[in-house]
Amino acid sequence: MSCERPFETPALRQRSLLPYAPAALRTERERVSNNCMCLSPPRYILYNMNYGQIYYTDVANGPGCRTSLFVSGCTHHCKGCFNEETWDFSYGHEYTKDTENKILESVKPSYIDGLTVLGGEPMEPANQKALLPLYRKIREKVPHASIWIYSGYTWEELTDPSNKRCHTEDTDEILSLIDVLVDGEFEEDKKDISLIFKGSSNQRIIDVQKTIEYGKITPKDV
């Protein structure tokens, strides 16, 4: 198995950020985006994640033409889920350094608007650990590419340090690096096929950077 260990982020590991934490999250995004020389040398860990499929020219899961990665592993088990096979963490293909590199190269063309990560559940703790290096590299090497994450966890759950089901040492940094979070479990009784980029009306399309800046949930205009 190819492997890589993500860059150290000791400041984030040493503190638990309160929900929103705008200054801390904004500072971390700027550190990665604008001053990559401050990153520590890479170390190595196993990725320990599978994925179901990758669409390299997807127009259904976010604006424009995108690369969409469907990760494996989900503990929500929403009734009516369109992708039940990806509940199994071992479903599909092994996510490797080669997979990461292919995704990174795929979002470099100017006609690709960005990366969407869904599944499965990208914000399951093990998946957060595996995906963080990819988010860092996109921010550093492909600044035009937007990053969307679809998660069954809500913003409030993800930003609550006491919620050990989904808040990890990597969560705050991930939120500092992405552009949009589509949050909330799919609720079959609230399904609405007229909705844009979401499946049920309880879900929110959140502009993450504005939410961090303003300190309150800020919807993304779509």
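So, here's what we can say about the structure. (Residues numbered from 1 in each chain as written. Predicted model: local features only at pLDDT ≥ 70, side-chain atom pairs only at ≥ 80, totals over all residues. Heavy atoms only, no water.)

### What about the nonpolar core?
Part 1 of the argument: With 37 residues, the main nonpolar core has Leu69, Tyr95, Leu115, Tyr135 and Ile138 as its most contacted residues.
Part 2 of the argument: Looking at this core, the element that brings in the most residues is helix H4 (residues 125-141), giving 6 residues.
Part 3 of the argument: Core analysis: the next-biggest nonpolar cluster, separate from the first, contains 8 residues, Leu118, Val180, Phe197 and Ile205 among them. (Core = buried A, V, L, I, M, F, W, Y, C linked by side-chain atoms within 4.5 Å. Buried < 20%, exposed > 50% of the residue type's maximum accessible area, 1.4 Å probe, protein only. Helix = DSSP H or I, 4+ residues; strand = E, 2+ residues; numbered from the N terminus.)

### Points about the sheet that holds strand E2 (residues 66-71)
Part 1 of the argument: As summarised here, the arrangement of the 7 strands in space is E3-E1-E2-E4-E5-E6-E7, forming an open sheet in which the pairing is mixed. Of all strands in the sheet, those bounded by a partner on one side alone are strand E3 (93-94) and strand E7 (204-207).
Part 2 of the argument: On top of the sheet, helix H3 (residues 97-106) reaches strand E1 (50-58), E2, E3 and strand E4 (114-118); it is set at about 20 degrees to E1, its chief contact. (Pairing = 2+ DSSP bridges. Contact = heavy atoms within 4.5 Å. Axes fitted to C-alpha atoms, helices over the stretch in contact; angles between N-to-C directions.)

### Examining the state of the cysteines
Part 1 of the argument: One pass over the structure, following the stated rule, counts 0 disulfides.
Part 2 of the argument: In this structure Cys81 is a free cysteine whose sulfur lies 6.3 Å from that of Cys78, the closest cysteine sulfur available.
Part 3 of the argument: Look at Cys81 and you get partly exposed, because its relative accessible area is 21%. (Disulfide = S-S within 2.5 Å.)

### Here we look at the pattern of salt bridges
Part 1 of the argument: Across all of its chains, the model carries 10 salt bridges by this definition.
Part 2 of the argument: The residue Lys129 makes a salt bridge to Glu169 at a minimum N-O spacing of 2.6 Å. In this pair, Lys129 sits in helix H4 while Glu169 sits in the loop between helix H5 (155-158) and helix H6 (171-177), placing the two residues 40 residues apart along the sequence.
Part 3 of the argument: A relative accessible area of 24% places Lys129 in the partly exposed class.
Part 4 of the argument: In this structure Glu169 comes out as partly exposed when scored by relative accessible area, which is 40%.
Part 5 of the argument: Among the salt bridges present, the one from Glu187 reaches Lys190, with a minimum N-O distance of 3.2 Å. (Salt bridge = Lys/Arg side-chain N within 4 Å of Asp/Glu carboxyl O.)

### Quick notes on the packing of aromatic side chains
The description of two aromatic rings rests on the distance between their centres and on the angle between their planes.
Part 1 of the argument: The tally for this structure, following the rule as stated, stands at 2 aromatic pairs.
Part 2 of the argument: Plain terms: the ring middles of Trp148 and Phe197 are 5.6 Å apart, the flat faces sit at 85 degrees to each other, and that makes the pair edge-to-face. With Trp148 in strand E5 (residues 146-151) and Phe197 in the loop between strand E6 (180-183) and E7, this residue pair connects regions lying 49 residues apart in the sequence. (Phe/Tyr/Trp six-rings, centres within 6.5 Å; stacked < 30°, edge-to-face > 60°.)

### Quick word on the packing of H3 against H4
Part 1 of the argument: The contact between H3 and H4 brings their axes to 10 Å, and the two run at 30 degrees. Here H3 lies roughly parallel to H4, going by the angle between them. With respect to the hand of their crossing, H3 and H4 are arranged in right-handed fashion. Across the interface between the two elements, Lys97, Glu100, Ile103 and Leu104 of H3 pack against Pro133, Leu134, Lys137, Ile138 and Lys141 of H4. (Parallel < 35°, antiparallel > 145°, perpendicular 65-115°, else oblique. Left-handed = near helix turned anticlockwise from the far one by under 90°.)

### Considerations on the environment of Gly92
Part 1 of the argument: Summarising the element assignment, Gly92 is placed in the loop between E2 and E3.
Part 2 of the argument: Sequence-distant contacts of Gly92, that is, excluding residues within four places in its chain, are made with Asn50 and Tyr51.

### Concerning the side chain of His76
Part 1 of the argument: Note that His76 resides in the loop between E2 and E3.
Part 2 of the argument: Classification of His76 as buried rests on a relative accessible area of 11%.
Part 3 of the argument: Separated by 2.9 Å, the side chains of His76 and Glu121 make a polar contact.
Part 4 of the argument: Setting aside residues up to four positions removed in sequence, His76 forms contacts with Glu121, Gly152, Tyr153, Arg165 and Glu185. (Polar contact = N/O pair within 3.5 Å; in protein donor to acceptor, adjacent residues only side chain to side chain.)

### Points about the pairing of E6
Part 1 of the argument: The alternating pattern of E6 places Val180 and Val182 and Leu181 and Asp183 on opposite faces, both of which are buried.
Part 2 of the argument: Two strands pair when backbone bridges link them, and E5 and E6 are joined in this way by 4 bridges, in the parallel orientation. Residue pairing in the sheet places Ile149 in a bridge with Leu181 of E6.
Part 3 of the argument: Bridging between E6 and E7 involves 4 bridges; their strand directions are antiparallel. Bridge pairing links Leu181 to Ile206 in E7.

Interpretation in functional terms is not warranted from these geometric data alone.
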